Amino acid sequence: MVSIVMYDNPPGAWLKGRQSTGKGHISSQERRIICVTCLLLVVMCCSAKTGGDGRQFFTSPDLAWKAGVAATVITPQEPVWMGGYSSRTYPAERKVLDLWAKALYLEDARKRGSLIITCDLVGLSKTVSDRIKDELLEKTGLSKAQIILNCSHTHSGPVTSGNLINIYPIDSENLAVVDQYTEWLCEQLVALAVKAMQNAEPAKVFSRNGTVRFQVNRRKNMESELTNLTELKGANDYSVPVLKVEDKQGNIKAIVFGYACHPTVLNGYEWCGDYPGFAQVELEKLYPGATALFFQGAGADQNPLPRRSIPLAKQYGKELAAAVERVIDEPMWELQPRLETAYSEIPLEMENPPGEAELVKLKEEYTVDYYIRWAESMLAKLRRGEKLPSAYTYPVQVWQLGDQTIVALGGELMISYALRLKELLGENIFVMGYSNDVTGYIPSDAELATKWGEEIESSHFEFDLPAKWKPGLEKVILDEVITLSKFNF
Ligand SMILES: [Zn+2]
């Protein structure tokens, strides 16, 4: 399989575009341009001041960003099966909160555009994400590199086609409803993104990380023992990344914020964005006129504990909103109006896929319903003449907004990736998981080797993959992020 790398702006292009005409010397006109540029740099430096962590506050001479936002309700209008848990046995009955999809369009001083689309959904498969991005390419000219499609991973949203599909005891009638809903959803997301782009107006963009501590490492702390624990164990990343977008009057238009933690407070039969849903509601109350967009971070092994009540989901939502409010109330970094985007698809190798005879045997041996459904799905593929792949096409994306780096990775990303990426690229970066393809758990090699838990062991059953990951995926992913992050400003 070939790695596809797509740069909206190839590395070095920004500089190359400004180099001399290739004659090997600097002309007098170019000398004048260099002088003016140096003068501008001096002026810009004069308007910068140093922040607490050493980064420079950039004060823009004018409003060179453009930004547009849009939001739309994506709550199913009829009963649809709910995503995230295998234990539910019938579709949703009512709603606690509407589910939302939201889009922020950002365009830099050179008219380079980008879209962040966030959804109150458990996940979108790569097939569905690619379809949305293909339609957006046609309608807006924005490439895959320029669009981040992130799901909050709420476990109180609808199932979408081809995502986690093996875990549900769902009949063909309900499956058809899921497919109809997904069709409608794709149309809504494309229209939403186009609307955000049409709403673009001059803006300023700011970023900074905050902190909130309700995530608990669910592999290292037993939920049932939680009230007796005096000390929580395991890795965490309590960061609350925040992007703030202001219009020319200084009003907040959009707040993009994230957290790395499973939205699994609720497990009933009511539609709800879970704690991210309540956090968005709270922020939109705090900042009237602003649209709040939540993105999921590397929250695969983090749970909000304790959990299982609507008041608890509200509490965590309010805690997260309060963390965002604090970031907004304190000085934030104003981002220079310069955007770079890069995206690639890399092969993640899996163990050898099973053959037909082995699958027949496994199907007889398994006692877990969705393991059996997985074996049936693999057998059906083989019998249709499909070859089971030995590698998975995995999306890796990096953005640079002024000084702010954003890494967006697919799958259920473990917190170890956020921690490692911050060591490699700096503690201020934003890390998104669950982006562009919510496929299986993405463990580090150490986590894979120590059989992190049932979720890693069974992830390929859930996500309809033929086998488990081969060791070595961590290096492949991190190396690709580093490669993509080498933008030449
Ligand atoms: Zn999950």
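The coordinates are above.
Everything numeric in this text was worked out from a predicted model, so none of it was measured. (Residues numbered from 1 in each chain as written. Predicted model: local features only at pLDDT ≥ 70, side-chain atom pairs only at ≥ 80, totals over all residues. Heavy atoms only, no water.)

Per the secondary structure count, the protein chain includes 12 helices and 22 strands. Contacts in the protein chain between residues at least 24 apart in sequence constitute 81% of all its contacts with a sequence separation of at least 6. Accessible surface, the protein chain: about 20,600 Å² in total, of which carbon and sulfur atoms supply 52%. (Helix = DSSP H or I, 4+ residues; strand = E, 2+ residues; numbered from the N terminus. Contact = heavy atoms within 4.5 Å. Areas by Shrake-Rupley, 256 points an atom, 1.4 Å probe, with all protein chains shown as cover.)

Now for the coordination of the zinc ion. Donor atoms from the polypeptide that bind the zinc ion are H153 (NE2), H262 (NE2), E412 (OE) and E412 (OE), placed at 2.1 to 2.8 Å. For the zinc ion, the 4 donor atoms are set out with angles of 51 to 147° between them, so the coordination reads as irregular. Each donor residue of the zinc ion lies on the same chain, and together they follow the pattern H-x108-H-x149-E. Within this pair, whereas H153 is found in the loop between β8 (147–151) and α4 (172–198), its partner H262 is found in the loop between β12 (252–259) and β13 (270–271), the two being separated by 109 residues in sequence. The two residues H153 and H262 agree in class, both being buried. (Donors = N, O, S within 2.8 Å, 3.2 Å for Na, K, Ca; no water. Tetrahedral: all angles 85-135°; square planar, octahedral: opposite > 155°, others 65-115°. Buried < 20%, exposed > 50% of the residue type's maximum accessible area, 1.4 Å probe, protein only.)

For helix α12 (residues 473–484), with 12 residues, the first-to-last C-alpha span of 17 Å sits near the 16 Å given by 1.5 Å per residue. Taken as a whole, α12 has its buried residues at L473, E474, I477, L478, E480, V481 and L484. Take α12 and look down its axis: the buried residues cluster within an arc of 155°, on one side only. (Expected span 1.5 Å × (residues − 1). Arc of directions from axis to C-beta.)

As a further point, take the packing of aromatic side chains. Tallied over the full model, the rule gives 14 aromatic pairs. An angle of 20° between the planes, with centres 4.0 Å apart, marks the rings of Y371 and F461 as stacked. Residue Y371 is found in helix α8 (residues 369–383), and its partner F461 is found in helix α11 (residues 454–462); the two are separated by 90 residues along the sequence. For Y371, a relative accessible area of 15% gives the class buried. (Phe/Tyr/Trp six-rings, centres within 6.5 Å; stacked < 30°, edge-to-face > 60°.)

Moving on, we get to the packing of helix α9 (residues 415–425) against α12. Geometry of a packed helix pair, given as the angle between the helix axes and the separation of the axes. For the pair α9 and α12, interaxial distance at closest approach is 11 Å and the crossing angle is 40°. Taken as axis vectors, α9 and α12 run oblique relative to one another. Crossing of α9 over α12 shows right-handed handedness. Residues Y417, R420, L421, L424 and L425 of α9 touch α12, and the partners they reach there are L473, E474, I477, L478, V481 and I482. Its residues placed into classes, the contact of α9 with α12 shows 9 nonpolar, no polar and 2 charged. (Axes fitted to C-alpha atoms, helices over the stretch in contact; angles between N-to-C directions. Parallel < 35°, antiparallel > 145°, perpendicular 65-115°, else oblique. Left-handed = near helix turned anticlockwise from the far one by under 90°. Nonpolar A, V, L, I, M, F, W, Y, C, P; charged D, E, K, R; others polar.)

Taken as a whole and assessed by the stated rule, the structure comprises 26 salt bridges. Of the charged contacts, one joins K253 and E201 as a salt bridge, the two residues approaching to 2.7 Å between their closest N and O atoms. Placement of the pair is K253 in strand β12 and E201 in strand β9 (residues 201–211), with a sequence separation of 52 residues. Between K361 and E365 there is a salt bridge whose closest N-O contact spans 3.2 Å. Taken together, the positions of K361 and E365, both in helix α7 (residues 356–365) and 4 residues apart, correspond to about one turn of that helix. (Salt bridge = Lys/Arg side-chain N within 4 Å of Asp/Glu carboxyl O.)

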